[in-house]
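A closer look at the structure
Listed below, chain by chain, are the residues.
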Amino acid sequence: MSAPRRIAVIPGDGIGHEVIPAGLAVLTRAAESGGFPLAFEHFDWGCEHYRRTGRMMAADALDRLADFDAIYLGAIGAPDVPDHVSIWEMVLPIRQRFDQYVNLRPMKLLPGVTGPLAGRGPADVDMICVRENSEGEYSGIGCLDADGAREEAIFTRRGIERIVRYAFELAARRPRRLLASATKSNALRHSMVLWDEVVEQVARDFPQVSWRKYHVDALAARMVTAPQGLDVIVGSNLFGDILTDLGAAISGSLGLAPGANLNPERLHPSMFEPIHGSAPDIAGQGIANPIGAVWAGALMLDHLGAPEAARRIEHAIAAVLADGDVRTPDLGGHATTADMTRALAARLP
Ligand code: IPM
Ligand code: MG
């Protein structure tokens, strides 16, 4: 057996404490049966830590996280802590400090899941978003005073180039080889004009990929009216954020959707999380769908070099959903997180 991969586990808040243990149970089983040992170290950072200490994470948290092979995150946020505090002291600093500039989010309607789009099935909804995750509208630069507020979006040529190139490379490896670029250069006359220019330049290196640009509003509509024509979507930080909640919704449930925050050069740890939030409305009831977290765990195994274990988990997810016997409330059933976790583990070969 090889040396264990070291994973920092941060359940965070709310249902993070329910879905992360579920994810760990499934991951451990899939990885160890494949001779790929994992060593987990838990961190109790999040809003409870904030109430106790006035900080979301330990002061040296980022330095400590730097030594891990990956970070496995649940969800962050609680009703009594302002989101801009919790998020800006935790999720966004981790993404930025470790230059996790790719936020990769599959949006796929799996067989057995009923999506909200009438007449659409799994063959119609199968896309993946490549979201810029390090700059853009989330630069954090600006000010707020009595007269108003100013929020500055930072788009560097290098930042756009690297995310767009990643997206084209991904599109070139997928069977349909389609790419849609989300823009808004009709209104955002500086940043998105540069975005379009860079997309056009990078596209020249990928003649095998058919690509189009869409204004983000039109693209949102298209995801609903003609999702079958979409494959890889590349967008800025904010556009990608919005489109991936829409993508999760048309895939049947926010509870199913995984996300990977990647530093593709592997100079720093990457972070894996379900895209849903801490869901205070259902936290503590044991009914959260763990599939988003489990699937995020599969993306983590893939990134760490255990693609077979990742595929085993993805097959288990597909099999349980296709069976349809075990469904958490978000999928219209009455199963608990524990029921779903057991069903997934039982489906691992
Ligand atoms: C997400 C979340 C975050 C984001 C929030 C919590 C800042 O919505 O991961 O999509 O916008 O990136
Ligand atoms: Mg979001």
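You'll find the structure just up there.
Residues numbered from 1 in each chain as written. Chains lettered and ligands numbered in written order. Predicted model: local features only at pLDDT ≥ 70, side-chain atom pairs only at ≥ 80, totals over all residues. Heavy atoms only, no water.

Turning our eyes to something else, we now look at the overall build of the protein. For the protein, the count of helices and strands is 12 helices and 12 strands. Here the C-alpha radius of gyration of the protein, 20 Å, is about what a compact globule of 349 residues would show, namely 20 Å. Taking the principal axes of its C-alpha atoms as reference, the protein extends roughly 50 × 50 × 40 Å. Of all 349 residues assigned to the protein, the portion counted as buried reaches 55%. (Helix = DSSP H or I, 4+ residues; strand = E, 2+ residues; numbered from the N terminus. Rg over C-alpha atoms; globule rule 2.2 N^0.38 Å. Buried < 20%, exposed > 50% of the residue type's maximum accessible area, 1.4 Å probe, protein only.)

This part is about the packing of aromatic side chains. Throughout the structure, instances matching the rule amount to five aromatic pairs. Judged by centre distance (5.7 Å) and plane angle (85 degrees), the ring pair of Phe43 and Phe68 falls under edge-to-face. With Phe43 in the loop between β2 (38-42) and α2 (47-53) and Phe68 in the loop between α3 (61-65) and β3 (70-75), the pair connects residues that are 25 residues apart, well separated along the chain. Their ring planes at 20 degrees and their centres at 5.3 Å tell us that Phe168 and Phe206 sit as a pair that is stacked. Taken together, the positions of Phe168 in helix α6 (residues 157-173) and Phe206 in the loop between α7 (191-203) and β9 (210-215) put the pair 38 residues apart, joining distant regions of the chain. The pair formed by Phe168 and Phe206 is uniform in burial state, with each residue classed as buried. (Phe/Tyr/Trp six-rings, centres within 6.5 Å; stacked < 30°, edge-to-face > 60°.)

Within the secondary structure, Ser270 is located in strand β12 (residues 270-274). The buried category is assigned to Ser270, whose relative accessible area is 0%. Among the polar contacts made by the side chain of Ser270, one reaches the main-chain amide nitrogen of Asn263 at a distance of 2.9 Å. Polar side-chain contacts of Ser270 include one of 3.4 Å to the side chain of His303. Contact partners of Ser270, with chain neighbours within four places excluded, come to Asp69, Ala70, Ile71, Gln100, Asn261, Leu262, Asn263 and His303. (Polar contact = N/O pair within 3.5 Å; in protein donor to acceptor, adjacent residues only side chain to side chain. Contact = heavy atoms within 4.5 Å.)

To continue, consider the pattern of salt bridges. Applying the stated criterion across every chain yields a total of 22 salt bridges. A salt bridge links Asp60 to Arg64, with the shortest nitrogen-to-oxygen separation between them at 3.3 Å. On the basis of relative accessible area, Arg64 is assigned to the partly exposed category, the value being 36%. Residues Asp124 and Arg120 are paired through a salt bridge, measuring 3.7 Å at the closest nitrogen-oxygen approach. Beyond isolated ion pairs, a larger network of salt bridges with shared partners links Lys108, Asp126, Arg174 and Asp231. (Salt bridge = Lys/Arg side-chain N within 4 Å of Asp/Glu carboxyl O.)

Here the focus is the sheet that holds strand β10 (residues 232-235). Strand order in the open sheet made by the 10 strands is β2-β1-β3-β12-β11-β4-β5-β10-β8-β9, with mixed pairing throughout. Each edge of the open sheet carries a strand with a single partner, namely β2 and β9. Neighbouring strand axes in the sheet, compared pairwise and without regard to direction, differ in orientation by 20 degrees on average. Sheet topology places strand β4 (residues 102-108) next to strand β5 (residues 126-132); seven bridges connect them, and they run antiparallel. Bridged to Asn103 within β5 is Arg131. Helix α1 (residues 16-33) rests against β1 (5-12), β2 and β3 of the sheet, and its axis sits at about 145 degrees to β3. Set on the sheet, helix α9 (residues 237-250) makes contact with β4, β5, β8 (178-183) and β10; between it and β5 the angle comes to about 155 degrees. (Pairing = 2+ DSSP bridges. Axes fitted to C-alpha atoms, helices over the stretch in contact; angles between N-to-C directions.)

In short, shape yes, function no, at least from these values alone.
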